[in-house]
Amino acid sequence: MTQTSPAVVPVQLPPPRRRRVHRAWFVAAVTFVTITGAAAFRSLPGLLIDPLHQEFGWSRGTIGAAVSVNLALYGLTAPFAAALMDRFGIRRVVAAALTVIALGSGLTVWMTAAWQLLLCWGLLVGLGSGSMALAFAATVTNRWFTERRGLVSGILTAASASGQLVFLPLLSWIVEHHHWRPAAVTVALSAFAVVPFVWLLLRDHPADVGVAPYGAREFVPKPPPVTGAARRTLSVLSSSVRTGTFWLLAGTFAICGASTNGLVQTHFVPAEHDHGMPVTTAASLLAVIGVFDVVGTIASGWFTDRFEPRRLLAVYYALRGLSLLFLPMLLGPAVHPPMIFFIVFYGLDWVATVPPTLALCREQFGEDSAIVFGWVLASHQVGAALVAYLGGAARDAFGSYDVVWYAAGTLCAAAALMSLVIRRTAPAARAAAVS
């Protein structure tokens, strides 16, 4: 008797699941839009110098002092903001910061004395913007990504340049045709408009939505809130200042701030105006720097994932210094090809230093890297604040900005040499830090 084998019933496999976009990329997109929307407050100071000087008779040094307070607080607040995000969450800190920015910018409409400019634009906007500084981007990158950190930090850094691109031409047009007060109101409304967007869409940690960080092989539970934010921030500073790497990073980043936010962002428009160029044209050139800044910063993040950050920094600072040494010969009443070349060249290098600096902080300081980067950013803004004031004072004293351009170019050459002295790390540790 033969035994027949049972019939084989074909098993229908489920259709392959479509690969979903990781939630971390949505959080990065929200962060990008938030920083872009809040960037209006960083576009305005350079446009206010001449109008405030004409209306109130304040010297450029006095106006530059208010900008200096703003830039210094932008940096000094950043490390405390990073610790506050560990204590209260990213969403609450960023929403509160945007509200303070809107309040400070809106109150400038009623000011009549220089101390009120220091209070509103210097203190309030400085404190609010400090909590929206690059430490915000560093915290989001560290929490939500274990891979592609260099690329993500480059993209988020470029968000500020994108905001400059969006707001500079608009604000310069408003200042020229409707005076500076409507421009200040525009900044306030822009900051307020971003608050509900942050509150509804931003999340503090991957565990809040039940996912692992992008690139992580296992789920990472949300850490408990870290109490004593100020104590922790100062403790991290106390330990990091005992290393030579910290001082080299802080020194190079101070020069970075001096040669970008403090000098070009604050004084480029009035310097071109001194040579007969209309304010709107000069502001448009500054906005074009923002266009190429986006490209350069994202490219820098890609390079940081693949090359040694020390050497990248050296190249960036050397090229920036060279361009600044040539700038005084390029200023004039009209836009010409050499100036366009400078704008493109300088724009690609504007904040390209941020991704490799972030990577070096992660390599050297591990879990405390966001707070350490906050302190390094503080040095960036102290350098920017000094040059924002000294640039205005030099213009009052010498009648031009030439000496400031030459000094900044020389400092960038020194920063290139300092970058090469930063301590090397093992290749494995470097790869783990930037991946």
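Please read all numbers here as calculations on a predicted model, not as lab measurements.

Visitor: Summarise the environment of T233; cite the residues concerned and give the values.
Guide: Inspection of the secondary structure assignment puts T233 in helix 11 (residues 229-240). Its relative accessible area of 0% is what places T233 among the buried residues. C-alpha separation for the pair T233 and F80, spaced 153 residues apart in sequence, amounts to 6.0 Å. Setting aside residues up to four positions removed in sequence, T233 forms contacts with P79, F80, A83, I371 and W375.

Visitor: I'd love a proper account of the confidence of the model for the protein chain, names of residues and values included.
Guide: In the predicted model, the protein chain carries a mean pLDDT of 81, and 88% of its residues have values of at least 70. Contacts from residues 8-17, a stretch scored under 50 in pLDDT, to residues over four places away or in other chains number zero contacts. Low pLDDT, under 50, characterises residues 426-435; the stretch is placed with 19 contacts to residues that sit more than four places away or in other chains.

Visitor: Can you break down the pattern of salt bridges residue by residue, with the values?
Guide: Pairing between side chains of opposite charge can happen when the charged atoms of each approach one another. Applying the stated criterion to the full structure yields four salt bridges. Residue E308 pairs with R310 through a salt bridge whose shortest N-O separation is 2.1 Å. We note that E308, like R310, is buried. When the shortest N-O distance is used, the salt bridge between D349 and R320 registers 4.0 Å. In this pair, D349 is assigned in helix 16 (residues 337-349) and R320 in helix 15 (residues 309-326), connecting sequence segments 29 residues apart.

Visitor: How would you sum up the packing of aromatic side chains? Please name residues and give values.
Guide: A complete count under the given rule lists 13 aromatic pairs for this structure. Ring geometry for F342 and Y346: centres 5.3 Å apart, planes at 20 degrees, overall stacked. Of this pair, F342 and Y346 both sit in helix 16, four residues apart, roughly one helical turn. You'll find F342 and Y346 in the same group, each marked buried. By the ring-pair criterion, three or more aromatic residues cluster together here, those being W25, F145 and Y214. Positioned above the aromatic ring of W199, the side-chain terminus of R91 is 4.6 Å from the ring centre.

Visitor: Break down unusual backbone geometry for me, citing the residues and quoting the values.
Guide: The backbone phi angle of H179 is positive, close to 75 degrees, even though this residue is not glycine. Here H179 lies in the loop between helix 9 (149-178) and helix 10 (180-201). Assessed through its relative accessible area of 34%, H179 is described here as partly exposed.

Visitor: Describe the layout of surface pockets, listing the residues and the values that go with them.
Guide: Of the pockets and cavities examined, the largest pocket occupies roughly 740 Å³. Along its surface, the largest pocket is lined by 30 residues, and D86, R143, H205, P223 and E367 are the ones closest to its centre. Every element with two or more residues in the lining of the largest pocket is listed here: helix 5 (78-88), helix 8 (134-144) and helix 18 (369-398). With five residues, the top contributor of residues to the lining of the largest pocket is helix 5. Each residue belonging to the lining of the largest pocket can be placed in one class, and the counts come to twelve nonpolar, seven polar and eleven charged.

Visitor: Before we move on, can you summarise a nonpolar patch on the surface with the specific residues and values?
Guide: On the surface, a nonpolar cluster with roughly 490 Å² of combined accessible area is contributed by V69, W115, L118, L119, L123 and L127. The element contributing the most residues to the nonpolar patch is helix 7 (residues 114-131), with five residues. Assignment of secondary structure puts V69 in helix 4 (residues 60-76).

Visitor: Can you tell me about the nonpolar core, naming the residues and giving the values?
Guide: By size, the foremost hydrophobic cluster in this structure holds 81 residues, and its most contacted members are L44, L47, V264, F268, M339 and W405. A total of nine residues in this core trace back to one element, the largest contributor, which is helix 18. The contacts of L47, once residues within four sequence positions are left out, are L168, L171, S172, V175, V269, V279 and A283. Residues A28, V94, F136 and L202 belong to the second largest nonpolar core, which totals 29 residues.

Visitor: So what's going on with helix 17 (residues 354-365)? Which residues, and what values?
Guide: Taking 1.5 Å per residue, twelve residues should reach 16 Å; helix 17 reaches 16 Å between its end C-alpha atoms and fits that length. With respect to burial, helix 17 is a largely interior element, twelve of its twelve residues being buried. Of all the residues in helix 17, the buried ones are V354, P355, P356, T357, L358, A359, L360, C361, R362, E363, Q364 and F365. One or two steps after helix 17, the chain reaches G366, where phi turns positive at roughly 55 degrees.

Visitor: Now, about helix 5: what can you tell me, with residues and values included?
Guide: Turn by turn, an α-helix covers 3.6 residues, leaving residues three or four places apart pointing in a common direction. Among the residues of helix 5, A78, P79, A81, A82, A83 and M85 are the ones counted as buried. Just past helix 5, the residue G89 takes up positive phi, approximately 100 degrees.

Visitor: How would you explain the packing of helix 5 against helix 18 if you had to name every residue and give the values?
Guide: Between helix 5 and helix 18, the least distance of the axes is 7 Å, while the angle of their chain directions is 160 degrees. On the basis of their axis angle, the class for helix 5 and helix 18 is roughly antiparallel. By crossing handedness, the relation of helix 5 to helix 18 is classed as right-handed. Between helix 5 and helix 18, the contacting residues are A78, P79, F80, A82 and A83 on the first element and A370, I371, G374, W375 and L377 on the second. Within the contact of helix 5 with helix 18, the residues separate by chemical class into nine nonpolar, one polar and no charged.

Quick notes on the rules
- Residues numbered from 1 in each chain as written.
- Predicted model: local features only at pLDDT ≥ 70, side-chain atom pairs only at ≥ 80, totals over all residues.
- Heavy atoms only, no water.
- Helix = DSSP H or I, 4+ residues; strand = E, 2+ residues; numbered from the N terminus.
- Buried < 20%, exposed > 50% of the residue type's maximum accessible area, 1.4 Å probe, protein only.
- Contact = heavy atoms within 4.5 Å.
- pLDDT = per-residue confidence, 0-100.
- Salt bridge = Lys/Arg side-chain N within 4 Å of Asp/Glu carboxyl O.
- Phe/Tyr/Trp six-rings, centres within 6.5 Å; stacked < 30°, edge-to-face > 60°.
- Lys NZ or Arg CZ within 6 Å of the ring centre and 35° of its normal.
- 1 Å grid on protein atoms, 1.4 Å probe; cavity = no way out; pocket = protein on both sides within 12 Å on 5 of 7 lines; lining within 4 Å.
- Points joined across faces, edges and corners; volume = space filled by probe spheres on them.
- Nonpolar A, V, L, I, M, F, W, Y, C, P; charged D, E, K, R; others polar.
- Patch = residues over 30% accessible without salt bridge, like charges linked within 9 Å, V, L, I, M, F, W, Y side chains within 5 Å.
- Areas by Shrake-Rupley, 256 points an atom, 1.4 Å probe, with all protein chains shown as cover.
- Core = buried A, V, L, I, M, F, W, Y, C linked by side-chain atoms within 4.5 Å.
- Expected span 1.5 Å × (residues − 1).
- Axes fitted to C-alpha atoms, helices over the stretch in contact; angles between N-to-C directions.
- Parallel < 35°, antiparallel > 145°, perpendicular 65-115°, else oblique.
- Left-handed = near helix turned anticlockwise from the far one by under 90°.

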